[in-house]
Amino acid sequence: NPSGGFVFRVDPARERLGDEGYALTVSEKGADVRSFKPAGLLYACQTLLQLMPVEIFSRSKVDGIPWNLPCVKIEDTPRFVRRGLMLDPARFFLTTDYLKRYVDLLAFHKMNWLHLHLTDSEAWTLQIKAYPELTNMDKWPLKIPERARGVYSQEDVRELVRYAAARNV
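The rules behind each value
- Residues numbered from 1 in each chain as written.
- Predicted model: local features only at pLDDT ≥ 70, side-chain atom pairs only at ≥ 80, totals over all residues.
- Heavy atoms only, no water.
- Pairing = 2+ DSSP bridges.
- Helix = DSSP H or I, 4+ residues; strand = E, 2+ residues; numbered from the N terminus.
- Phe/Tyr/Trp six-rings, centres within 6.5 Å; stacked < 30°, edge-to-face > 60°.
- Buried < 20%, exposed > 50% of the residue type's maximum accessible area, 1.4 Å probe, protein only.
- Lys NZ or Arg CZ within 6 Å of the ring centre and 35° of its normal.
- Contact = heavy atoms within 4.5 Å.
- Salt bridge = Lys/Arg side-chain N within 4 Å of Asp/Glu carboxyl O.
- Core = buried A, V, L, I, M, F, W, Y, C linked by side-chain atoms within 4.5 Å.

### A word on the pairing of strand β2 (residues 22-27)
- The pairing of β2 with strand β4 (residues 72-76) spans 5 bridges and is antiparallel. Along β4, the bridge assignment pairs Ala23 with Glu75.
- Across 5 bridges, the pairing between β2 and strand β3 (residues 30-35) is antiparallel. Paired with Thr25 across the two strands is Asp32, which belongs to β3.
- Hairpin connection, β2 to β3: the antiparallel pair is bridged by 2 residues.

Put into structure tokens, the structure is as follows:
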């Protein structure tokens, strides 16, 4: 039950933790987080959320829950450089809001890689201004139901990349 608050520090002495590792200590005095790079601080925040009661994820106010953290000492570094998943919106379009929520879930699980399959022989869902016919859905050989159709503009993709980068994905 930290009463002294939370301290987050990028610490050059923590180089051995790598770019995404962190050291987290929660005691009666508070929580102290140290990492070599900011990405480690982000992953430590995810660990702090995971240590909280599950009600922290409720969309509405929850009464009667003690919002305490256990006293712990955690040093965590990823085993693999790339940790992620692939989505295939070339055949079934996914909105940018859906993709952002997916990025949030990747970050929560300390994954750092999102692979989007945006093109295939039947569909091209990425706007290329020099070749506008690529995204002309009427010319796609595979007839895709209306609900599954869509094209990402270049600005949509730029916005998604910025959103993901802010979450170390």
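### Observations regarding the pairing of strand β6 (residues 113-116)
- As paired elements, strand β5 (residues 84-87) and β6 share 4 bridges and run parallel to each other. Its bridge partner being in β6, Leu85 is matched across the sheet by Leu114.

### Here we look at the packing of aromatic side chains
- Within this structure, the stated rule accounts for 3 aromatic pairs.
- Here the aromatic rings of Phe57 and Phe108 are separated by 5.4 Å at their centres, their planes lie at 85 degrees, and the arrangement is edge-to-face. Here Phe57 is found in the loop between α1 (38-51) and β4, whereas its partner Phe108 is found in helix α2 (residues 96-108), with 51 residues between them in sequence.
- Looking at Phe108, the relative accessible area reads 18%, which means it is buried.
- A ring pair is formed by Tyr98 and Tyr102, whose centres lie 6.4 Å apart and whose planes are at 20 degrees; its orientation type is stacked. In this pair, Tyr98 and Tyr102 are both assigned in helix α2, 4 residues apart and thus about one turn of the helix distant.
- Taking the relative accessible area as the measure of exposure, Tyr102 reaches 17% and is therefore buried.
- The ring of Trp113 is capped by Arg82, whose NZ or CZ atom sits 3.9 Å from the centre of that ring.

### Re the side chain of Asn112
- On the secondary structure map, Asn112 appears in the loop between α2 and β6.
- The residues contacting Asn112, other than those within four sequence positions of it, are Glu20, Tyr43, Val81, Arg82, Arg83, Asn168 and Val169.

### Remarks on the pattern of salt bridges
- Applying the stated criterion across every chain yields a total of 13 salt bridges.
- Arg34 is paired through a salt bridge with Asp11; the nearest N and O atoms lie 3.5 Å apart. With Arg34 in strand β3 and Asp11 in the loop between β1 (6-10) and β2, this pair connects stretches of sequence that are 23 residues apart.
- Exposure remark for Arg34: the relative accessible area of 22% places this residue in the partly exposed category.
- The residue Arg34 makes a salt bridge to Asp32 at a minimum N-O spacing of 2.9 Å.
- The network of salt bridges with shared partners includes Arg9, Asp11, Arg14, Asp32 and Arg34.

### Comments concerning the nonpolar core
- Counting residues in each nonpolar core, the largest one holds 15 residues, and the members touching the most others are Leu87, Leu94, Leu99, Val103, Leu106, Tyr152 and Val169.
- Going through the elements one at a time, α2 and α3 (154-165) are the ones with two or more residues in this core.
- Core analysis: the second largest hydrophobic core is formed by 11 residues, Tyr22, Ala31, Val33 and Ala44 among them.

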